[in-house]
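Overview (structure and organization)
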Amino acid sequence: MKTISVGFVGAGFSAHLHADGLKKVHGANLRLAGVTATRPERAAEFARVYQVENTFGSWRELLADRSVDVVSICVPNALHAEIDKGG
């Protein structure tokens, strides 16, 4: 079974909900591959808590990582469009 690599844009409340939910998925191999946040210390803490492999300096860097299959956008709604379009 293929491992699905997940990245997170944001490390706040929504990211915690998404990560907790992903930990409960059965029947799929998931890898928490990376996280980025406006405040690097939040990304580092999120990575520590959820055993996320990498932190990135920006969402553009995370999206450029070809090992990431799925990105969970966990920032305020007003910021989604810029990220969805690749900024």
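Going by the structure above, here's the rest.
Keep in mind that this is a model prediction, so the values were computed, not measured. As a convention, each chain's residues are numbered from 1 in the sequence order in which they are written. Selection of residues for local features in this predicted model requires a pLDDT of at least 70, selection of side-chain atom pairs for listing and counting requires 80 or more, and totals for whole chains, interfaces and linings are taken over all residues. Think of the side-chain values as coming from all heavy atoms in the structure, minus any hydrogens and water.

Here the focus is the nonpolar core. Throughout this description, the term nonpolar core refers to a set of buried Ala, Val, Leu, Ile, Met, Phe, Trp, Tyr and Cys residues connected via side-chain atoms within 4.5 Å. Working definition: with a 1.4 Å probe on protein chains only, accessible area under 20% of the residue-type maximum means buried, over 50% means exposed, and in between means partly exposed. Residues Phe8, Leu32, Val35, Phe46, Tyr50 and Val52 are the most contacted members of the largest nonpolar core, which totals 14 residues. Helix and strand definitions follow DSSP, with helices as H or I runs of at least four residues and strands as E runs of at least two, each counted in order from the N terminus. Where this core is concerned, the elements lending two or more residues are strand S1 (3-9), helix H1 (13-23), strand S2 (29-36) and helix H2 (40-50). A per-element tally of this core places H2 first, with four residues. Residues in contact with phenylalanine 8, not counting those within four places in the same chain, are Ala15, His18, Ala19, Leu22, Leu32, Gly34, Val35, Thr36, Phe46, Leu62, Ser72 and Cys74. Counting five residues, the second-largest nonpolar core is a separate cluster that includes Val9, Phe56, Leu62 and Val75. Whether two residues are in contact is decided by their heavy atoms: any pair within 4.5 Å suffices.

Another aspect to go through is the packing of aromatic side chains. Remark: the centre distance and the inter-plane angle together describe each pair of aromatic rings, the angle taken between the planes. Two aromatic rings from Phe, Tyr or Trp, using only the six-membered ring of Trp, form a pair when their centres are within 6.5 Å; if the ring planes differ by under 30 degrees the pair is stacked, by over 60 it is edge-to-face, and anything between is tilted. This structure, assessed with the given rule, holds two aromatic pairs. Geometrically, the ring pair formed by phenylalanine 8 and phenylalanine 46 is edge-to-face, given 5.2 Å between the ring centres and 65 degrees between the ring planes. Placement of phenylalanine 8 in strand S1 and of phenylalanine 46 in helix H2 is noted, with a sequence separation of 38 residues between them. Considering the side-chain rings of phenylalanine 46 and tyrosine 50, the 4.8 Å spacing of their centres and the 40 degrees angle between planes classify their relative orientation as tilted. Of this pair, phenylalanine 46 and tyrosine 50 both sit in helix H2, four residues apart, which is roughly one turn of that helix. Exposure class is identical for phenylalanine 46 and tyrosine 50. Each is buried. One aromatic cluster is present, formed by Phe8, Phe46 and Tyr50 through successive ring pairs.

The residue arginine 48 is located in helix H2 in this model. Judged by relative accessible area, arginine 48 falls into the exposed class, the value being 55%. Identification of polar contacts relies on pairs of N or O atoms within 3.5 Å, with a donor-acceptor requirement for protein atoms, meaning one able to donate a hydrogen and the other able to accept it, and with residues adjacent in sequence counted only if both atoms are side-chain atoms. For arginine 48, the side chain forms a polar contact with the side chain of glutamate 45, separated by 2.6 Å.

Here the focus is the pattern of salt bridges. Any Lys or Arg side-chain nitrogen found within 4 Å of a carboxyl oxygen on Asp or Glu counts as a salt bridge. Counted according to the given criterion, the structure contains four salt bridges. Where glutamate 41 meets arginine 39, a salt bridge forms, and the shortest distance between an N and an O atom there is 3.1 Å. Residue glutamate 41 is classed as partly exposed on the basis of its relative accessible area, which comes to 48%. Here glutamate 45 ties to arginine 48 by a salt bridge, and the two come within 2.6 Å at their closest N and O atoms. Pair noted here: glutamate 45 and arginine 48 are both in helix H2, with a separation of three residues, about one helical turn.

Strand pairing is assigned whenever DSSP identifies at least 2 bridges connecting the two strands. Strands sit in the order S3-S2-S1-S4 across an open sheet of four strands; the sheet is parallel. Either end of the sheet is taken by a strand with one partner, and the two such strands are strand S3 (54-56) and strand S4 (70-73). Across the sheet, the mean angle from the axis of one strand to that of its neighbour is 30 degrees, orientation sign disregarded. In this description, a line fitted to the C-alpha atoms serves as the axis of each element, helices being fitted only across the stretch in contact, and the angle between N-to-C directions of two axes falls anywhere from 0 to 180 degrees. Relative to the sheet, H1 contacts S1, S2 and S4, its axis offset from that of S1 by approximately 165 degrees. Across the sheet, H2 lies against S1, S2 and S3, angled at about 165 degrees from S2, the strand it touches most.

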